[in-house]
Amino acid sequence: LTQYQISETSVSNFKSIQSIDSLPLKRINLIFGQNSVGKSSFLQSFLTTRNNELDLSYGSNGRLIPDINYSGKTFDVGSFEHMSHMQKKSNIIKFGLGFKNDLDEQIKVDLDYSFDALVGIKITFKNSNPIAVNGKFLRPDKLLEKLNLL
């Protein structure tokens with residue numbers, strides 16, 4: 001399989017960020033601005049997104065475990081209320097990462113979280129086909145693994 005690179009990110013209702021929709025990313029990115037405009041929040045959202053996409057897991061009954069990790073080796077965002085925009089428990093926090101290869105095949109994975117559950121997973125394909133093995137589409141965690149994104 002072709003190696004995919006991270007090509008875009010999106011986030012909404014995360015800390016000071018109300019909405020960043022489809023921000024293109026390159027191999028090197030500069031993040032700058034005045035104090036208290038959301039630079040650290042953006043980096044934490046990126047780390048949270050990546051950490052939670054890597055940790056998609058299934059219980060013994062095959063159902064997705066709807067937990068969000070609030071910390072990792074390099075970050076700690078507190079609790080859902082702390083990371084929710086305007087500290088509203090009713091918000092849906094959305095994280096997304098897009099991936100692209102040299103053939104311009106693109107895949108975007110979006111994760112939506114409420115206070116107590118993973119409420120949505122959306123995987124979008126552009127210029128590529130969904131990955132199937134033996135006629136069955138792969139679970140999101142296996143899809144990312146198969147595409148060498150993990």
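About the cut-offs
Residues numbered from 1 in each chain as written. Predicted model: local features only at pLDDT ≥ 70, side-chain atom pairs only at ≥ 80, totals over all residues. Heavy atoms only, no water. Helix = DSSP H or I, 4+ residues; strand = E, 2+ residues; numbered from the N terminus. Buried < 20%, exposed > 50% of the residue type's maximum accessible area, 1.4 Å probe, protein only. Polar contact = N/O pair within 3.5 Å; in protein donor to acceptor, adjacent residues only side chain to side chain. Core = buried A, V, L, I, M, F, W, Y, C linked by side-chain atoms within 4.5 Å. Salt bridge = Lys/Arg side-chain N within 4 Å of Asp/Glu carboxyl O. Pairing = 2+ DSSP bridges. Contact = heavy atoms within 4.5 Å. Phe/Tyr/Trp six-rings, centres within 6.5 Å; stacked < 30°, edge-to-face > 60°. Lys NZ or Arg CZ within 6 Å of the ring centre and 35° of its normal. Patch = residues over 30% accessible without salt bridge, like charges linked within 9 Å, V, L, I, M, F, W, Y side chains within 5 Å. Areas by Shrake-Rupley, 256 points an atom, 1.4 Å probe, with all protein chains shown as cover.

**Q** Help me understand the overall build of the protein chain in this model?
**A** Of the regular secondary structure elements, the protein chain holds three helices and seven strands. Helices (α) and strands (β) of the protein chain occur, in sequence order from the N terminus, as β-β-α-α-β-β-β-β-β-α. For the protein chain, the residues scored as buried account for 37% of the 150 residues in total.

**Q** Any chance you could explain the side chain of Asn-101 here in plain terms?
**A** Mapped onto the fold, Asn-101 is located in the loop between strand E3 (93–100) and strand E4 (106–113). A polar contact of 2.8 Å, which involves the side chain of Asn-101, links it to the backbone nitrogen of Leu-103.

**Q** When you look at the nonpolar core in this model, what are you seeing that I'm missing?
**A** General note: in soluble globular proteins, nonpolar side chains tend to be found buried as a group. Grouped together as the largest cluster of nonpolar side chains are 18 residues, with contacts concentrated most on Phe-14, Met-83, Ile-93, Phe-95 and Tyr-113. Those elements that provide at least two residues to this core are strand E1 (5–14), helix H2 (80–83), E3 and E4.

**Q** Explain the pattern of salt bridges here, please?
**A** Proximity of charged atoms lets side chains of opposite charge pair with each other. The tally for this structure, following the rule as stated, stands at four salt bridges. Between Asp-110 and Lys-108 there is a salt bridge, with the nearest N and O atoms lying 3.1 Å from each other. For the pair Asp-110 and Lys-108, a shared accessibility class is recorded, and that class is buried. In this structure, a network of salt bridges that share partners links the residues Glu-8, Lys-108 and Asp-110.

**Q** Help me understand the pairing of strand E2 (residues 17–24), please; the structure alone is not making it clear to me.
**A** Successive side chains on a regular strand alternate, one facing one side of the sheet and the next facing the other. As defined by bridge partners, E1 adjoins E2 across five bridges and the pair is classed as antiparallel. Within the sheet, the bridge partner assigned to Glu-8 lies in E2 and is Pro-24. Connecting the antiparallel pair E1 and E2 is a turn made up of two residues, with Lys-15 showing a positive phi of about 50°.

**Q** Before we go on, may I ask you to explain the side chain of Ser-45 in this structure?
**A** Position of Ser-45 among the secondary structure elements: in helix H1 (residues 39–54). A polar atom in the side chain of Ser-45 sits 2.7 Å from the backbone oxygen of Phe-42. In contact with Ser-45, other than residues within four places in its own chain, are Val-11, Phe-14 and Phe-95.

**Q** Looking at this structure, I do not really get the packing of aromatic side chains. What am I missing?
**A** The geometry of an aromatic ring pair comes down to the distance between the two centres and the angle between the two planes. Enumeration over the complete set of coordinates arrives at three aromatic pairs. Measuring from centroid to centroid gives 5.9 Å for Phe-80 and Phe-115, while their planes differ by 85°, and the two rings are edge-to-face. Note that Phe-80 is positioned in helix H2 and Phe-115 in the loop between E4 and strand E5 (118–126), a separation of 35 residues in sequence. Looking at Phe-115, the relative accessible area reads 40%, which means it is partly exposed. Pairwise contacts between aromatic rings join Phe-14, Phe-95 and Tyr-113 into one cluster. The side chain of Lys-89 reaches across the aromatic face of Phe-115, ending 4.1 Å from its centre.

**Q** Just checking my understanding: could you explain a nonpolar patch on the surface for this structure?
**A** Residues Ile-28, Leu-30 and Phe-32 make up a contiguous nonpolar surface patch of about 460 Å² in total accessible area. Position of Ile-28 among the secondary structure elements: in the loop between E2 and H1.

**Q** What exactly am I supposed to notice about the environment of Lys-100 here?
**A** Within the element layout of this structure, Lys-100 appears in strand E3. On a C-alpha basis, the gap between Lys-100 and Tyr-4 in space is 5.2 Å, while along the polypeptide they are 96 residues apart. Residue contacts for Lys-100: discarding those within four places in its chain leaves Gln-3, Tyr-4, Gln-5, Ser-7, Glu-105 and Gln-106. Within polar-contact distance, the side chain of Lys-100 engages the side chain of Asp-104 at 3.4 Å.

None of the figures reported here should be taken as evidence of function without further support.
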